[in-house]
There are 2 protein chains.
Amino acid sequence: MGFDKYIRLAHGSGGVETSAILEKLIFSRVEESLKRVGNGVGIDFPDDAAAIPLPSGDYLIVTMDAYTVNPPFFPGGDIGVLAASGSINDVLMMGGKPLAMLDSVVVEEGFPMDDLSKILDSFIGVLRGEGVALIGGDFKVMPKGQLDRVIITTVGIGLARKPIIDVPRVGDKIIVSDYVGDHGAVILAYQLGGDVSMELLEKSRLRSDVKPLTRLMLPLVERYGDYIHAARDPTRGGLSMVLNDWAKVSSTVIVIDESSIPLRPEVASFAGMLGIDPLYLASEGVAVLSVDPSLADEVITYMHSLGFSNAKVVGEVRKSEKYSGYVIMRTVTGGFRILEPPRGDLVPRIC
Amino acid sequence: MGFDKYIRLAHGSGGVETSAILEKLIFSRVEESLKRVGNGVGIDFPDDAAAIPLPSGDYLIVTMDAYTVNPPFFPGGDIGVLAASGSINDVLMMGGKPLAMLDSVVVEEGFPMDDLSKILDSFIGVLRGEGVALIGGDFKVMPKGQLDRVIITTVGIGLARKPIIDVPRVGDKIIVSDYVGDHGAVILAYQLGGDVSMELLEKSRLRSDVKPLTRLMLPLVERYGDYIHAARDPTRGGLSMVLNDWAKVSSTVIVIDESSIPLRPEVASFAGMLGIDPLYLASEGVAVLSVDPSLADEVITYMHSLGFSNAKVVGEVRKSEKYSGYVIMRTVTGGFRILEPPRGDLVPRIC
């Protein structure tokens, strides 16, 4: 892949172009010893968050994400809920208990005060509900026309006894906690506008799935932490991005069963109408796990007991010389196809 | 002050309007117990950074800042150097030793790859020079026209044995480490454009003072930490903002001597031409300290020995019923005037 003279939307899509540009402009320029603190995790192994070893033996979990979602208000939530939930979930996916947050708000001159008030109220509401402290941040205004409305960047801080460093093992079962792609479908519909999209939103009452997953992950990790070999929330790039990352990093092939994947019919048909694979659509309230096979069924039962009744095994991790690093899907018709990692930019400003 | 229906530039200036909007939309909505972690520091006492108590007795120092400087390249540096130095300095001003950083880059579609490459190279260069690890971050692209070029948000993480919580004490001497207002003057000149400004920049060879202050603060805090009652870098709102904050929080009057303040003649005359008080101009490589009077001279001598030859005592902290919370300046003509906190927006996107 030759290198571009200008930034393209695809570079921010969270797919292969994002990985490539991060490697070229950042990761390759940082010396190995400065990619992490001590025996922790940093950009040497890009995961949901970084982990810094503490003298006590615990790890400090730190994650940072920018939220540029367009529109800032959407069915099911707003950029405030998203910014709080997203970083809380990244801490959780690392096996951490969220403790504190910092937030940077950059807003366009002329933005309605009431809207900003609603957004921040939503944001603080999530923190309140989670018992997460707000300990710092920043606030800046861009002259009119120099920023479209608002960007929120959040830092989530937590503690983990033992961070979950995503390396799936051969034999693992892949579990998803809920329907996938709801958030991405809603944002896609909004951005496309038009009759078809608006009709979808109205008739289906489709809503973003955005929410913090504390009530799932904290008990799950507490009870089964040692058997969860990977955990991530499938945001930009959807389920496909997570599984392709995992297959690559573990040099395995991940085989998934299309008919097992929890997918709302409205999301499936909307994506179908647009010729988009719903497995590339973001979720903002879903956990994907790679679990030791001996306990997979028990984990599913436990997740159901926690209120996550749609949790399902959707596939497994296998060894393969030929397909190492790939994700293969057994289709509803019984055939097989390779599920490529996401490329290009499907929907900018999805989260 | 009535409340606005729309966000104004002044809300992001770092002055009184910023404090007001943060209080109304954020701080007043967070319950006291969720404003900090344990006996640490958070938004209950907005300082350079937050402090989280660790089991070992040390404190984790965490700071977050968004950098929106326009233009992204300026004499003396660029947004990359600024983003790295700014957050490193905030950790230092809290008495911490910088250890790690996370960075979020949000860039406009179409931004030249070479420019982004230079910016990130600068950024990583500062981290390398400081031995600070880069452990995480984010990268997003905004569609063309939805963001002016680039915004970088950084999180600085460090450790402090005892955080410097800014509360000046009666009798303290106020010390500045270097010439003030260089960065603000350069950015102001660039943004104004025009013959006068460009002539200033060319003739004066004025440059931003942006730089990390590790080689000043680490030894200074190591040796005199117990006698430094407040430390801050005077960025948005300049020296005036810092001193007004300090006078308010300590219910003292801070008296400064205009003729003592290190100010380059070019900055003084440029500000004078524009009718702007140079004490409102940002610095990005200066430390302002409130120091126990018994050691102030020794601290000055020590700062000189560290290479900060322009360090000076510029004023002192006093008790006053009438002027509690104010900053009073003894002018070069021998008179007195109140140095108001900054209001309105002098220069948007200054840092």
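Calculation notes
Residues numbered from 1 in each chain as written. Chains lettered and ligands numbered in written order. Predicted model: local features only at pLDDT ≥ 70, side-chain atom pairs only at ≥ 80, totals over all residues. Heavy atoms only, no water. Helix = DSSP H or I, 4+ residues; strand = E, 2+ residues; numbered from the N terminus. Rg over C-alpha atoms; globule rule 2.2 N^0.38 Å. Buried < 20%, exposed > 50% of the residue type's maximum accessible area, 1.4 Å probe, protein only. Contact = heavy atoms within 4.5 Å. Buried area = accessible area lost by both parts, 1.4 Å probe. Salt bridge = Lys/Arg side-chain N within 4 Å of Asp/Glu carboxyl O. Polar contact = N/O pair within 3.5 Å; in protein donor to acceptor, adjacent residues only side chain to side chain. Expected span 1.5 Å × (residues − 1). Phe/Tyr/Trp six-rings, centres within 6.5 Å; stacked < 30°, edge-to-face > 60°. Lys NZ or Arg CZ within 6 Å of the ring centre and 35° of its normal. Patch = residues over 30% accessible without salt bridge, like charges linked within 9 Å, V, L, I, M, F, W, Y side chains within 5 Å. Areas by Shrake-Rupley, 256 points an atom, 1.4 Å probe, with all protein chains shown as cover. pLDDT = per-residue confidence, 0-100. Least-squares fit on C-alpha atoms with pLDDT ≥ 70 in both. Axes fitted to C-alpha atoms, helices over the stretch in contact; angles between N-to-C directions. Parallel < 35°, antiparallel > 145°, perpendicular 65-115°, else oblique. Nonpolar A, V, L, I, M, F, W, Y, C, P; charged D, E, K, R; others polar.

J.: Can you walk me through the overall build of chain A in this structure?
T.: Within chain A one finds nine helices and 14 strands. Computed over the C-alpha atoms, the radius of gyration of chain A is 20 Å, within 12% of the 20 Å expected from 2.2 N^0.38 for a compact globule of 351 residues. Summarising its shape, the C-alpha atoms of chain A cover approximately 55 × 55 × 50 Å along the three principal directions. For chain A, buried positions account for 62% of its 351 residues.

J.: I would appreciate a short explanation of the interface of chain A and chain B in the present structure.
T.: Many authors give the size of an interface as the accessible area that is lost as the parts come together. Between chain A and chain B, the residue contacts involve 80 residues of the former and 80 residues of the latter. When chain A packs against chain B, the two sides together hide about 6,600 Å² of surface, and 72% of this comes from carbon and sulfur. Counting the contacts that link chain A with chain B gives four salt bridges. The shortest N-O distance in the salt bridge between Arg236 of chain B and Asp138 of chain A comes to 3.2 Å. At the junction of chain A with chain B, the criterion picks out 24 residue pairs in polar contact (both at pLDDT 80 or more). Looking at the side of chain A that touches chain B, the element that brings in the most residues is strand S6 (residues 133–142) of chain A, giving ten residues.

J.: In this structure, what is going on with helix H7 (residues 238–250) of chain B? I would like to understand it.
T.: The α-helix winds at 3.6 residues per turn, so residues separated by three or four positions along the chain end up facing the same way. Residue and element names in this part refer to chain B. Over its 13 residues, H7 runs 19 Å from end to end, which matches the ideal 18 Å to within 8%, given 1.5 Å per residue. With respect to burial, H7 is a largely interior element, ten of its 13 residues being buried. Looking at H7, one finds that the buried residues are Gly238, Leu239, Ser240, Met241, Val242, Leu243, Asn244, Trp246, Ala247 and Ser250. Where the residues of H7 are buried, they touch helix H1 (16–25), strand S8 (173–176), strand S9 (228–232), strand S10 (253–257), strand S11 (288–291) and strand S13 (327–330). Positioned one or two residues after H7, Ser251 has a phi angle of 50°, which is positive.

J.: Help me out: how do you make sense of the packing of aromatic side chains in this one?
T.: The geometry of two aromatic rings is summed up by the distance between their centres and the angle between their planes. For the structure on display, the rule yields four aromatic pairs over all chains. Ring centres 6.4 Å apart and planes at 85° place the aromatic pair Tyr323 of chain A and Tyr326 of chain A in the edge-to-face group. Residue class for Tyr323 of chain A comes out partly exposed when judged on its relative accessible area of 31%. For Tyr326 of chain A, a relative accessible area of 36% translates into the label partly exposed. On the numbers, 5.6 Å between centres and 70° between planes, the contact of Tyr224 of chain B with Tyr302 of chain B is edge-to-face. In this pair, Tyr224 of chain B sits in helix H6 (residues 214–224) while Tyr302 of chain B sits in helix H9 (residues 296–305), placing the two residues 78 residues apart along the sequence. In terms of burial, Tyr224 of chain B and Tyr302 of chain B fall into one category: buried. Over the ring of Tyr67 of chain B we find Lys140 of chain A, and its NZ or CZ is 6.0 Å from the ring centre.

J.: How do you make sense of a nonpolar patch on the surface when you look at a structure like this?
T.: Residues and elements named next belong to chain A. A cluster of nonpolar side chains, contributed by Leu192, Val196, Met273 and Leu274, occupies part of the molecular surface with about 380 Å² of accessible area. Here Leu192 lies in helix H4 (residues 182–192). Take Leu192: its relative accessible area is 48%, and that puts it in the partly exposed class.

J.: What exactly am I supposed to notice about the confidence of the model for chain A here?
T.: Per-residue confidence for chain A gives a mean pLDDT of 94; residues scoring 70 or more make up 99%. Scored as a whole, the predicted complex attains pTM 0.95, and scored at its interfaces, ipTM 0.94.

J.: Is there a simple way to explain the relation of the copies chain A and chain B in this structure?
T.: Both copies of the chain are placed relative to one another by a rotation about an axis and a shift along it. Once turned by 180° and shifted 0.0 Å along the axis, chain A lies on chain B with an RMSD of 0.0 Å. What the superposition gives is, in effect, a two-fold axis relating one chain to the other. Taking C-alpha positions as the reference, the residue of chain A nearest the rotation axis is Leu147 of chain A, at 2.2 Å.

J.: For this particular structure, what's the right way to read the pattern of salt bridges?
T.: For side chains bearing opposite charge, pairing can occur when the charged atoms are close. Residue and element names in this part refer to chain A. For the structure shown, the criterion picks out 38 salt bridges over all chains. Between Asp148 and Arg149 there is a salt bridge; the shortest N-O distance is 3.1 Å. Among the residues examined, Asp148 registers a relative accessible area of 18% and is labelled buried. Here the residues in one salt-bridge network are Asp47, Asp166, Arg232 and Asp245, joined through shared partners.

J.: Help me understand the packing of helix H5 (residues 194–204) of chain B against helix H8 (residues 265–274) of chain B in this model?
T.: When two helices pack together, you describe them by how their axes are tilted relative to each other and by the distance separating the axes. All names here are of chain B. One way to put it is that H5 packs onto H8 with a least axis distance of 11 Å and a crossing angle of 175°. As summarised for this structure, H5 and H8 are arranged roughly antiparallel, according to the angle between their axes. Contact residues: H5 offers Val196, Ser197, Leu200 and Ser204, while H8 offers Glu266, Phe270 and Met273. For the contact of H5 with H8, the residue count by class is four nonpolar, two polar and one charged.

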